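Each chain, written out:
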Amino acid sequence: MVIDINPRQDACATNIEKLLTQGRMLILLDGLDEVREEDNTRVLKQIRDFSDRFRENHFVITCRIAAKEYTFEKFTEVEIADFDNKQIANFANNWFKEKAVKPETFIKRLQDNKRIQELAASPLLLTLLCLAFEESGDFPANRSELYKEGLDALLKKWDAKRGIQREQLYKKLSVQRKEDLLSKIALTTFERSDYFFKQKVAEEYITKYIRNLPDANTDPEALQLDSEKVLKSIEAQHGLLVERAKGIYSFSHLTFHEYLTAREFVVVKQSSDEALQSLVNHITEKRWWEVFLLAVGMSPSADNLLQLMKQKVDALIATDKKLQQFLMWVKEKSISVEVPYKPPAVMAFYLSLSLDLSRNRTLSLELSRSLDLDIDLDIDLDIDLDIDLDLYLSLYISLHLSRSPSLNLSLNRSLNLFGTLDRSRSLGRSLSLALSLNLFGTLDRSRSRTLDPELKKALQQLREQLPDTEDKEKFNQWWKDNSQVWIEQLRNVMIKYRNIGHDWQFTEQQKELLQQYSDANKLLIECLNSDCYVSIEVRQHIENTLLLPIAELENYKLKSNP
């Protein structure tokens, strides 16, 4: 119901005023922050006068949280919380009711992508997500396009659609100027790891930006006042910056903080060599990974950025002779096995095994999976890779047990690291045998006839050294006295017959460098496989030179297009 605050003296108005006088009305005033600036004083006075005159009634007024000037005595101030998961699901169920796209599909895809799910807490952005999903039955492969739509909805479409006019100073800034300003704040704070920043700091960034605009007032006091107004306008009108505590601000969503940071490199700084090199310097910092993925996604051509990333990755361990020797071994080992996978994927397999073994952690093989090599701990592999994986696991478990003061405890830890024991494939059988330290399931399978006879004989001799596991106390004592020698014999067999299991004796610094190298390659592969535009030549060059030692890179010079 819409009520004229000064009711006309007709029958309807008389009845309304009677109800108001009796205190039997509920008056809902929505969107107070959307009142034009020139009407603010008049409207606020009328609301105050009206609510005082008919104070016995119930009044509800809504406005954005940041609109601090809208305060009323005798009103209780409450804040509406973001949507929780149940409310998001209810919204989706209603939205997709009787439509081709099922709400269950939308909710499942939303849960699979935490960054997109973060936006769904906002009803406006959830509406945008539903619209985007309805078009194709999925979210855009290029997330930067989705975030751009969300940003555009907040900065422009919402007000334009509803005919809302905003504060005069801020209104002069075009959507692009607003995005440029926010991008500058985003990059500066993200570089400093300032997810929360003081109001004065934000105002300083705004002052530096608006002082260079045409017709800007360069008087310091005027600039300070203008920066305060702009900050409040951003907060009140779009909710992109939020005051989390008194004088402490942050971006409303980390997703927008990351997107705007990437935008500063690609759009504002136009992907200059200096800008991209500055971005690439953060390649070992995982909090920057999403920024890299968004930057390649929004680039008209990601060639330059991807090549700079590749150069930076290779440079991480370029000067370490032992790590370069290790990469040479990885290459030679990958060539020695006959498998239907691309060489970089096989190299990633052996790099991951060796790295995980050296760091005494669960074999993850994440880098191999990033390269589309279908390797996992619960599926069958090609025979060569399967044999090597089993031997690595045998060595890993043996080393793990030898470092533990309690055999039973270490056995439990080993089994927990590798998951359940009821898998049907060879790895499951190997781990089952590990319960009794009979670590060579390789010898007990029908495919053992494919083993080198000498390797099979050596493994059999090693297994025969193990005492009967029925006598637990005897076995524990034997393992305590003989495990180091026995493990070294196992390692020597692996090196002699399979050229694996080398004790590289990396320093902690080298292990850390190698981990950074592996992680950075994984990021590079994710960027390459994302929905970005990259030339065939650059893609092939990067794929052909992944994980190669520096000495080998000279054989793969990228030819420039004429």
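The structure reproduced in this document is the subject of the present report. Everything numeric in this text was worked out from a predicted model, so none of it was measured.

So, how was this worked out
- Residues numbered from 1 in each chain as written.
- Predicted model: local features only at pLDDT ≥ 70, side-chain atom pairs only at ≥ 80, totals over all residues.
- Heavy atoms only, no water.
- Helix = DSSP H or I, 4+ residues; strand = E, 2+ residues; numbered from the N terminus.
- Buried < 20%, exposed > 50% of the residue type's maximum accessible area, 1.4 Å probe, protein only.
- Contact = heavy atoms within 4.5 Å.
- Areas by Shrake-Rupley, 256 points an atom, 1.4 Å probe, with all protein chains shown as cover.
- Core = buried A, V, L, I, M, F, W, Y, C linked by side-chain atoms within 4.5 Å.
- Expected span 1.5 Å × (residues − 1).
- Polar contact = N/O pair within 3.5 Å; in protein donor to acceptor, adjacent residues only side chain to side chain.
- Pairing = 2+ DSSP bridges.
- Axes fitted to C-alpha atoms, helices over the stretch in contact; angles between N-to-C directions.
- Salt bridge = Lys/Arg side-chain N within 4 Å of Asp/Glu carboxyl O.
- Parallel < 35°, antiparallel > 145°, perpendicular 65-115°, else oblique.
- Left-handed = near helix turned anticlockwise from the far one by under 90°.
- Nonpolar A, V, L, I, M, F, W, Y, C, P; charged D, E, K, R; others polar.

## Here we look at the overall build of the protein
Here is step 1 of the chain: Each helix and strand counted, the protein has 26 helices and 5 strands in total.
Here is step 2 of the chain: A burial count over the protein gives 49% of its 562 residues as buried.
Here is step 3 of the chain: In the protein, the share of contacts with a sequence separation of at least 24, taken over all contacts with a separation of at least 6, comes to 67%.
Here is step 4 of the chain: Counting only carbon and sulfur atoms, one obtains 48% of the accessible surface of the protein, whose full area is about 29,600 Å².

## Considerations on the nonpolar core
Here is step 1 of the chain: Within the largest apolar cluster, 131 residues are counted, with the highest numbers of intra-cluster contacts made by F106, L129, L241, F292, L306, M309 and F326.
Here is step 2 of the chain: Considering every element that reaches this core, the biggest residue donor is helix α19 (residues 383-402), with 10 residues.
Here is step 3 of the chain: Beyond its immediate chain neighbours, meaning those up to four positions away, M309 contacts V280, I283, F292, L523, L524 and C527.
Here is step 4 of the chain: By size, the runner-up hydrophobic cluster in this structure holds 7 residues, among which are I16, F50, F54 and F59.

## A closer look at helix α16 (residues 321-336)
Here is step 1 of the chain: Along its 16 residues, α16 runs 23 Å from first to last C-alpha, staying within 8% of the 22 Å computed at 1.5 Å per residue.
Here is step 2 of the chain: For α16, the side-chain oxygen to backbone nitrogen distance between the N-cap and K322 is 3.2 Å, and the N-cap itself is D320.

## Examining the sheet that holds strand β5 (residues 248-251)
Here is step 1 of the chain: Pairing within the open sheet is antiparallel, and its 3 strands lie in the order β3-β5-β4. Two strands in the sheet have a free side with no partner beyond their single neighbour: β3 (197-198) and β4 (241-245).
Here is step 2 of the chain: Where β3 meets β5, 2 bridges bridge the pair, whose relative direction is antiparallel. When the bridges of β5 are listed, K198 appears paired with I248.
Here is step 3 of the chain: Against the sheet, helix α11 (residues 220-238) engages β4 and β5, with an angle of about 95° to β4.

## Some details on the pattern of salt bridges
Here is step 1 of the chain: Enumeration according to the criterion identifies 23 salt bridges in this entry.
Here is step 2 of the chain: For R143, the salt bridge goes to E290, with nearest N and O atoms at 2.6 Å. Of this pair, R143 sits in helix α7 (residues 143-162) while E290 sits in helix α14 (residues 289-298), placing them 147 residues apart in sequence.
Here is step 3 of the chain: Since its relative accessible area comes to 5%, E290 is described here as buried.
Here is step 4 of the chain: Through salt bridges that share partners, K108, R109, D112 and D138 make up one connected network.

## Re the environment of Q505
Here is step 1 of the chain: The topology assignment puts Q505 in the loop between α23 (472-498) and α24 (508-529).
Here is step 2 of the chain: Taking the C-alpha atoms as reference points, Q505 and K322, 183 residues apart in sequence, are found 9.6 Å from one another.
Here is step 3 of the chain: Setting aside residues no more than four positions away along its own chain, Q505 makes contact with K322 and Q510.

## Brief notes about the packing of helix α9 (residues 175-191) against helix α10 (residues 199-210)
Here is step 1 of the chain: The geometry of α9 relative to α10 is characterised by a closest axis approach of 10 Å and an angle of 135° between their N-to-C directions. Considering their axes alone, α9 and α10 lie oblique with respect to each other. Where α9 crosses over α10, the handedness of that crossing is right-handed. Two secondary-structure elements touch here, α9 through R177, D180, L181, K184, I185, T188 and T189 and α10 through Y205, I206 and Y209.
Here is step 2 of the chain: Residue composition of the contact of α9 with α10, grouped by class: 5 nonpolar, 2 polar and 3 charged.

Structural measurements only, silent on function.
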